[in-house]
Amino acid sequence: MKNLWSLSANGFVGGKESIMRRGNVYQIANGYMGYRGTLDEFGPDELVGITLAGIFDRVGSAWREPVNAPNAAFTRVSLEGVELSALGSRVTRHEQTLNFANAVFGRKTVFAAKAKTLTLESSRWLSAATPNLGVVTFSVRCAQAARVTIRTGIDCNIWDLNGPHLRQMTAEKHGPVLLVQGVTHENSKRVVVAEAIDLPFGTETHETTDNRNLRVIQLRAEAGRTYTFHKYFAVFTDNDTVNKPLTEAAIETVQQARALGREGCRERHDAEWARKWERCDVEIAGDDEAQHALRYSILQLLMVAPVRGSANSIPARALSGQVYKGAVFWDTEIFMLPFFLHTDPEKAVELVRYRIKTLDGARRKAKTEGPGYRGAFYAWESQEAGDDACTYFNVGDPFTGRDLRTHFRDKQVHITGDVAIAMWEYFKLTGDDSLLLEGGAEVILECARFYYSYAYFKKDKGRYEILDVIGPDEYHERVNNNAFTSMVAKETFAIANATVAYLRRNHPKALRTLLAKIDIQGELPRFREAENLLYVPAPDARTGVIEQFDGYFQLKDATVEELKAKMVHPNEYLGAAQGLAVATKIIKQADVVAMLNLLRSRFSAKIKKANWDYYEPRTEHGSSLSACAYAMVAIEFGHLDFAYNYFLQTAKIDLEAKYKVYVGTVFMGGSHPAANGGAWMTAVLGFGGVQADENRVALNPRLCRKWKSLRFHLAYKGDDFRIRITRTSLTIVPSRANARIHTFLVAGRPVKCRPGRSVTVNYRPAK
Ligand code: IFM
């Protein structure tokens with residue numbers, strides 16, 4: 001039977017491509033840093049990466065990207081003078097695992113050399129209790145008495161896409177602690193790595209060679225005896241708030257961890273993980289494949305959730321490396337935030353705060369990007385200060401090697417509305433207005449201000465229009481009246497107006513201060529007018545289909561297969577000026593359907609079906625964000641089998657590592673947290689039928705055929721609920737600690753949920 005709490009692989013497959021993919025699949029992270037699923041003895045060629053959250057650097061004119069730290073989990077073993085590596089031919093057995101319960105990576109490899117056999121085992125985790133800390137347990141056992149040399153310490157040979165990022169590197173030994181430090185090129189930020197070990201055997205000397213700061217442990221291993229040591233490493237950067245020098249903080253952290261011991265560190269780590277799963281696990285009965293894939297997806301989200309108080313967000317490739325410049329996209333607000341909002345709002349806070357923290361960056365972008373833009377134009381690819389990392393030439397052409405002009409940065413303006421919607425969702429679902437008062441309302445008003453400056457008033461039509469944009473479908477650039485974009489812009493005006501009304505009622509003084517601070521009072525009537533008069537393409541009266549943008553229906557019809565058959569290069573880009581998709585109706589990813597999902601309560605099942613039927617055959621699903629939007633919408637009109645396939649595809653994307661690795665000439669390998677969030681969304685909000693707004697939670701389950709039951713946890717307005725759905729009944733268990741009675745709507749029927757009192761109702765799944 002499948003272990004539903006772990007992932008394992010037997011055998012080692014060499015080759016760059018499979019090492020890269022396995023590095024993604026088996027990665028671990030703790031919000032502060034990510035460690036790719038590579039082996040102890042590996043180096044930069046095998047893409048070992050310890051990617052740090054929220055610290056970026058630029059070297060020369062290369063892309064700015066997150067900094068990778070020196071690798072303090074490095075260990076290499078020699079048996080009778082022969083260096084052992086899973087890459088060599090001396091492996092007789094290899095297995096590796098990832099434990100979902102506590103994000104611990106483990107490997108066991110048996111090597112043979114000089115007629116002797118050595119079994120190497122290690123496990124590695126990044127502490128969920130102490131974000132700067134990582135721990136490795138390492139052991140060797142020889143079948144015959146043998147001479148073993150272990151080199152362990154900090155490897156400063158770092159894998160980078162556009163590095164190296166650390167200069168002035170120094171390697172020292174402070175008593176028993178190894179220390180490495182360097183500073184970044186651009187902002188001279190220090191990165192300090194310390195390492196200490198618990199070594200109960202052998203003799204140790206110190207060596208600094210090949211850009212490594214190492215301990216060399218000589219051991220005369222007895223036959224059959226296991227020799228185990230523990231490594232503790234800490235990473236600190238100038239981004240950390242510590243009241244002592246960084247080196248001291250790093251040394252102290254590893255010394256304290258060593259004093260606490262591996263068991264003590266592990267207990268704290270496991271306890272944190274138990275708390276996370278308690279809130280966030282989803283149990284599916286009757287479908288192990290879905291259960292396993294969904295749990296893996298949830299694990300990915302839990303691992304990369306920002307550290308409390310960091311106001312960091314989650315990049316599109318999370319902490320799996322430097323792909324996409326470590327930047328935050330709309331992926332976070334639209335695909336990941338719902339998971340955190342509905343399970344662990346304390347993590348959602350960080351994601352939302354990140355957009356408050358980067359408001360000035362969005363203002364800078366508005367000022368510099370366009371003619372007379374005002375307010376907040378959020379970065380398409382946002383880094384630590386909110387400036388746009390997206391370049392005007394963001395995709396490489398594999399035919400010419402030249403960079404292609406893309407308009408993601410300057411025309412994908414829906415990002416601003418996505419941010420405003422997320423800010424408002426946080427408020428609606430948590431009932432917590434503190435973020436609105438601490439910058440959230442300012443973000444919202446500046447977003448509305450931006451759209452007002454971007455929109456055109458068409459006198460002849462008596463309406464505002466949003467022109468010259470790119471919607472989520474990036475193959476059609478610079479289009480007019482893209483339904484998705486116009487809809488989120490209109491929504492932004494509505495949210496801005498609602499924010500003002502809310503503050504006027506509840507915090508009039510704060511409102512006055514804010515309006516004066518950003519000098520926006522005089523613009524408020526325009527926002528009200530724009531909410532009413534902004535044009536959004538409507539469903540066709542006969543077919544119900546919404547035209548994705550002006551003129552879309554006139555484009556050439558083609559199937560995805562026909563288009564792909566015309567490709568001359570496997571990595572050629574289908575968009576930009578002359579890509580194959582540009583003149584056709586083939587779209588990269590859900591666009592109208594993404595809108596129907598985002599604002600799901602606004603559209604009838606009939607409209608959803610009409611648009612799904614029309615756009616699905618024309619969608620390449622060239623982005624990992626696409627399938628879950630189609631799954632969500634399909635559920636609403638009862639297309640459960642289709643939805644299930646798309647759900648599974650989404651939930652398995654990182655587990656199976658089946659995705660594009662190049663777009664044009666740009667390397668794209670890494671994890672897909674938006675798809676992880678999309679998988680959760682489809683399971684809980686889709687099949688579980690959860691729809692929450694500021695007034696109530698509605699539950700309209702539509703379990704797919706295989707699922708006997710679905711259990712999950714729900715956070716709403718500061719209170720907690722456990723939900724269990726079977727094919728005919730639904731049980732709500734409100735936490736005893738809940739502050740108030742809530743009325744949920746189950747299949748349209750009001751159900752009172754009193755603290756600590758479980759309630760079960762029968763329901764009939766909606767058709
Ligand atoms: O944000 C997405 C975009 O919608 C499609 N290309 C990839 C980006 C990052 O995931």
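**Re the overall build of the protein**
Part 1 of the reasoning: When you go through the protein residue by residue, the secondary structure sums to 18 helices and 33 strands.
Part 2 of the reasoning: Over its C-alpha trace the protein gives a radius of gyration of 27 Å, about what one expects of a compact globule, namely 27 Å for 767 residues.
Part 3 of the reasoning: Viewed in the frame of its principal axes, the protein has a C-alpha envelope of about 85 × 60 × 60 Å.
Part 4 of the reasoning: In the protein, which comprises 767 residues, the proportion classed as buried is 62%.
Part 5 of the reasoning: The long-range share in the protein, meaning contacts at least 24 apart out of those at least 6 apart in sequence, stands at 67%.
Part 6 of the reasoning: Put simply, the protein shows about 28300 Å² of open surface, and 48% of that area lies on carbon and sulfur atoms.

**Examining the sheet that holds strand β32 (residues 749-753)**
Part 1 of the reasoning: Pairing is mixed in the open sheet, where four strands are placed in the order β26-β27-β31-β32. The open sheet has two edge strands with one neighbour each: β26 (690-692) and β32. Direction aside, the axes of adjacent strands within the sheet are offset by 25 degrees on average.
Part 2 of the reasoning: Across three bridges, the pairing between β26 and strand β27 (residues 697-699) is antiparallel. Within the sheet, the bridge partner assigned to Gln691 lies in β27 and is Ala698.

**Things to note about empty space enclosed by the protein**
Part 1 of the reasoning: According to the stated counting rule, one finds five cavities of 30 Å³ or more in the structure shown.
Part 2 of the reasoning: By volume, the largest cavity amounts to about 150 Å³.
Part 3 of the reasoning: Taken together, 20 residues make up the lining of the largest cavity; nearest its centre are Ala53, Gly54, Phe56, Ser313 and Pro315.
Part 4 of the reasoning: Tallying contributions element by element places strand β4 (residues 50-57) first for the lining of the largest cavity, with five residues.
Part 5 of the reasoning: When its residues are assigned to classes, the lining of the largest cavity shows eleven nonpolar, eight polar and one charged.
Part 6 of the reasoning: Estimates place the volume of the second largest cavity at around 60 Å³.
Part 7 of the reasoning: Around the second largest cavity, the lining is made up of 13 residues, and of these Val48, Asn71, Asn157, Ile158 and Trp159 lie nearest the centre.

**Observations concerning the site of the ligand**
Part 1 of the reasoning: The full set of residues close to the ligand is Ala316, Tyr324, Phe329, Trp330, Asp331, Trp380, Glu474, Lys588, Gln589, Ser623 and Leu625.
Part 2 of the reasoning: Within the side chain of Gln589, a nitrogen or oxygen atom sits 3.2 Å from an oxygen atom of the ligand.
Part 3 of the reasoning: Classifying every residue of the shell around the ligand gives six nonpolar, two polar and three charged.

**Considerations on the environment of Asp557**
Part 1 of the reasoning: Positionally, Asp557 belongs in the loop between α12 (524-533) and α13 (560-565).
Part 2 of the reasoning: A relative accessible area of 45% places Asp557 in the partly exposed class.
Part 3 of the reasoning: At a separation of 2.9 Å, a polar atom in the side chain of Asp557 contacts the side chain of Arg618.

**Regarding the nonpolar core**
Part 1 of the reasoning: Among the nonpolar cores identified, the biggest contains 221 residues, and Leu445, Phe647, Trp707, Ile723 and Ile732 are the most heavily contacted of them.
Part 2 of the reasoning: Grouped together as the second largest cluster of nonpolar side chains are 21 residues, Leu79, Ala113, Leu219 and Tyr227 included.

**Side note on the packing of helix α9 (residues 434-454) against helix α10 (residues 483-506)**
Part 1 of the reasoning: The contact between α9 and α10 brings their axes to 9 Å, and the two run at 140 degrees. One finds that α9 runs oblique with respect to α10. In the crossing of α9 with α10, the sense of the turn from one axis to the other is left-handed. Here Leu436, Leu437, Ala441, Ile444, Leu445, Cys447, Ala448, Tyr451 and Tyr452 of α9 lie close against α10, whose contacting residues are Val488, Ala489, Thr492, Phe493, Ile495, Ala496, Thr499, Val500, Tyr502 and Leu503.
Part 2 of the reasoning: Within the contact of α9 with α10, the residues separate by chemical class into 17 nonpolar, two polar and no charged.

**Observations concerning the pattern of salt bridges**
Part 1 of the reasoning: Evaluated as defined, the whole model comprises 58 salt bridges.
Part 2 of the reasoning: In this structure, Arg602 and Glu491 form a salt bridge, with 2.8 Å as the shortest nitrogen-oxygen distance. Taken together, the residues span a long stretch of sequence, with Arg602 in the loop between α14 (592-598) and α15 (605-615) and Glu491 in helix α10 at a distance of 111 residues.
Part 3 of the reasoning: Overlapping salt bridges bring together Asp360, Arg363, Arg374, Glu442, Glu446, Arg449, Lys517 and Glu523 as one network.

**Observations concerning the packing of aromatic side chains**
The geometry of two aromatic rings is summed up by the distance between their centres and the angle between their planes.
Part 1 of the reasoning: Using the criterion set out here, one finds 42 aromatic pairs in the structure.
Part 2 of the reasoning: Taking the centre distance of 5.8 Å and the plane angle of 70 degrees together, the rings of Trp612 and Phe637 count as edge-to-face. With a gap of 25 residues between them, Trp612 in helix α15 and Phe637 in the loop between α16 (626-636) and α17 (640-656) connect regions that are remote in the sequence. The pair formed by Trp612 and Phe637 is uniform in burial state, with each residue classed as buried.
Part 3 of the reasoning: When the ring of Phe687 is compared with that of Trp707, the centres are 5.0 Å apart and the planes differ by 65 degrees; the resulting orientation is edge-to-face. Here Phe687, found in helix α18 (residues 673-687), pairs with Trp707, found in the loop between β27 and β28 (709-716); they are 20 residues apart in sequence, far enough to count as distant. With respect to burial, Phe687 and Trp707 carry one shared label: buried.

**Focus: the packing of helix α4 (residues 330-343) against helix α5 (residues 345-357)**
Part 1 of the reasoning: At a closest axis distance of 7 Å, the pairing of α4 and α5 adopts a crossing angle of 145 degrees. Residues Thr332, Glu333, Leu337, Phe340, Leu341 and Thr343 of α4 lie in contact with α5, whose contacting residues are Pro345, Lys347, Ala348, Leu351, Val352 and Arg355.

**A look at the layout of surface pockets**
Part 1 of the reasoning: Its boundaries defined by the atoms lining it, the second largest pocket holds a volume of some 780 Å³.
Part 2 of the reasoning: Breaking the lining of the second largest pocket down by element, the ones donating at least two residues are α4, α8 (414-430), α10, α14, α16, α18 and β26.
Part 3 of the reasoning: The element that contributes the greatest number of residues to the lining of the second largest pocket is α4, accounting for eight residues.
Part 4 of the reasoning: Of the residues that constitute the lining of the second largest pocket, the class distribution is 23 nonpolar, five polar and nine charged.

Rules used in this analysis
Residue positions are given per chain, counted from 1 along the sequence in the order it is written. Reporting of local features is limited, given that this is a predicted model, to residues whose pLDDT is at least 70; pairs of side-chain atoms are given and counted only at 80 or more, and all residues count toward the totals for whole chains, interfaces and linings. Side-chain calculation: all heavy atoms of the structure are included, whereas hydrogens and water are not. Only DSSP runs of H or I reaching four residues or more are called helices, and only runs of E reaching two or more are called strands; each is numbered from the N terminus. For the radius of gyration, the atom set is restricted to C-alpha positions; the globular benchmark scales as 2.2 Å times the number of residues to the power 0.38. Partly exposed residues are those whose accessible area sits between 20% and 50% of the maximum for their type, while under 20% is buried and over 50% is exposed, using a 1.4 Å probe and protein chains only. Note on definitions: a residue-residue contact is assigned when non-hydrogen atoms from the two residues lie within 4.5 Å. For the accessible areas, the method is Shrake-Rupley and the probe is 1.4 Å, while residue cover comes only from the protein chains on display. Only when DSSP finds a minimum of two bridges between them are two strands counted as paired. Between the N-to-C directions of two axes lies an angle of 0 to 180 degrees, each axis being a line fitted to C-alpha atoms and, for a helix, fitted only over the stretch in contact. Using a grid of 1 Å spacing that covers the protein atoms alone, one calls a set of points a cavity when a 1.4 Å probe fits there but cannot get out, and a pocket when the set is open and has protein on both sides within 12 Å along at least five of seven lines; lining residues are those with an atom within 4 Å of a point. Grid points are joined across faces, edges and corners, and a volume is the space filled by probe spheres set on the points. Polar here means any residue outside two lists: the nonpolar Ala, Val, Leu, Ile, Met, Phe, Trp, Tyr, Cys and Pro, and the charged Asp, Glu, Lys and Arg; Gly therefore counts as polar. A cutoff of 4 Å decides nearness: a residue is near a molecule or strand if any of its heavy atoms lies inside that distance of it. Polar contacts, as counted here, are pairs of nitrogen or oxygen atoms within 3.5 Å of one another; within protein the pair requires one atom able to donate a hydrogen and one able to accept it, and residues that are adjacent in sequence qualify only if both atoms are side-chain atoms. We define the nonpolar core as a collection of buried residues of types Ala, Val, Leu, Ile, Met, Phe, Trp, Tyr and Cys that are connected through side-chain atoms lying within 4.5 Å of one another. Angle categories are assigned with fixed cut-offs, so that under 35 degrees is roughly parallel, over 145 is roughly antiparallel, 65 to 115 is roughly perpendicular, and the rest are oblique. Should the near helix be turned anticlockwise from the far one by less than a right angle, the crossing is termed left-handed; should it be turned clockwise, right-handed. The term salt bridge refers to a side-chain nitrogen of Lys or Arg lying within 4 Å of a carboxyl oxygen of Asp or Glu. We call Phe, Tyr and Trp rings a pair once their centres come within 6.5 Å, taking the six-membered ring for Trp, and we label the pair stacked below 30 degrees between planes, edge-to-face above 60, and tilted otherwise.

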